Structure formats: C-alpha cells, structure tokens
Amino acid sequence: MPRRIVLASSSRYRQDLLARLRLPFTTEVPAIDESPLPGEGHFRTAERLSLLKAKAAAQRQPDAIVIGADQLAELDGEAIGKPGSYPVALQQLLAMRGRTVRFHSGIALVDGTNGHCLANCVTTEVTFRPLSLEAIESYLHWDQPYDCAGSAKIESLGICLVESVRSDDPTALIGLPLILLTSMLATVGIELPLR
C-alpha cells in the first residue's frame, strides 16, 4: 500500500509545488515556535524550523511521510520576513533594489513509522534590479506579495524585479526545493511517477 504523504505547511505556494510531483498528499499546519535561537544563522534557522514543523506534524500523523519547509530571507545579515502589508513591502523592496538578497529554503522529511529524519537547506542568491520608486509601487499594486518573504513573487510579475538568480534548485526560491525533496523521498522508498 502506498505511504501517505503529509505536507506540514499552510502555504499555497508549497502546495502548488508539491502537486507538480503528482503524488497524492494532504496538508497539516503545525504550531511551532518559529523564533530563531540566540546566535543561530539564518541558514540553520530555516533548516531547523523545517524539521520542527515536520516532527510536529509527524506526531499527529505517525503512519505518514511528513514534509516540512521554511524560508528565511536575509540582507546584510538581517532577516527579511513576510511583509504583511503594502508599507512594509515597499520598504523591503526599496532596501533590496540593486542589492543581492539570500533566500534560505529549509526542507525536512520525517518518516513517522520509524522516526527517520532528513533535513537540509538550499540558499538562493537573488540580485534585484535598481528600479525606481514608481516601478516598485506599480509592482506591489499588481502582485500584492504581502505573504512572501522579501515581498516578491518570482513565479509571477516579481520576475521583473530581478536581475539574476543563482541556485542549485530553481524551485527553492518559491519555498519548496523539489530537487532536494525528490532525493529525500527516494531514500524512504517513495517512487516518483516517472518509471
């Protein structure tokens, strides 16, 4: 019988990405403390939080393979979160124009039947164009990316904000590194539909 897969996330972006693999899955929203630990780097925080999310959901879904994910953006060593509103998004994008931002996308997998855990993180470097205030305001009007770390939807009109993207996994920037995830799924015996 095929193993159940649970995505420990409420993100519609992550759900859309996981659906690309054509594996049936359900979602569960884990309640965890997402505060960074003292002295913890952003890469490590994203990796740790993705594992905490997967473990929390696995406790309630002990027969499932659980996937957790988390993403943190940083500029000059400072975290850039989800803006939540137009004024915050505007300030984020103004600060990032002409600069390179690092997006750390943590991914974790927990096998609820035996407690086997895998966790890793993919860093994507995004260099933003030096756009005018008017261009940024126009972008925010059209895309309204208030639920995205760094205030830009790369899979939508946000691509116009970007000068370059450097990553080993193009899906990591959207929030779920599928290349790494497919390798993790293979280690626990989940076959992808291409066989």
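**Q** Which residues make up the environment of Val88, and what values do they have?
**A** By secondary structure assignment, the location of Val88 is in helix α3 (residues 86-96). The class for Val88 is partly exposed, based on a relative accessible area of 36%. Counting along the chain gives 65 residues from Val88 to Leu23, while the straight-line C-alpha distance between them is 37 Å.

**Q** Help me get a handle on the layout of surface pockets, residues and values and all.
**A** In this structure, the largest pocket spans a volume of roughly 680 Å³. For the lining of the largest pocket, the secondary-structure elements that each account for two or more residues are α1 (12-19), α2 (42-60), β3 (64-75), β4 (78-80) and β6 (117-128). Lining of the second largest pocket is provided by Pro2, Arg3, Arg4, Ile5, Leu23, Pro24, Gly189, Ile190 and Glu191. Across the lining of the second largest pocket, the residue classes tally to 5 nonpolar, 1 polar and 3 charged.

**Q** Describe empty space enclosed by the protein, listing the residues and the values that go with them.
**A** One pass over the full model with this rule turns up 1 cavity of 30 Å³ or more. As a volume, the largest cavity reaches approximately 40 Å³. Along the walls of the largest cavity sit Leu93, Arg97, Phe128, Arg129, Leu131, Ile136 and Leu161, which together make up its complete lining. Taken together, the residues that form the lining of the largest cavity break down as 5 nonpolar, no polar and 2 charged.

Rules used throughout
- Residues numbered from 1 in each chain as written.
- Predicted model: local features only at pLDDT ≥ 70, side-chain atom pairs only at ≥ 80, totals over all residues.
- Heavy atoms only, no water.
- Helix = DSSP H or I, 4+ residues; strand = E, 2+ residues; numbered from the N terminus.
- Buried < 20%, exposed > 50% of the residue type's maximum accessible area, 1.4 Å probe, protein only.
- 1 Å grid on protein atoms, 1.4 Å probe; cavity = no way out; pocket = protein on both sides within 12 Å on 5 of 7 lines; lining within 4 Å.
- Points joined across faces, edges and corners; volume = space filled by probe spheres on them.
- Nonpolar A, V, L, I, M, F, W, Y, C, P; charged D, E, K, R; others polar.

From the geometry alone we can't say anything about function, so treat these as descriptive.
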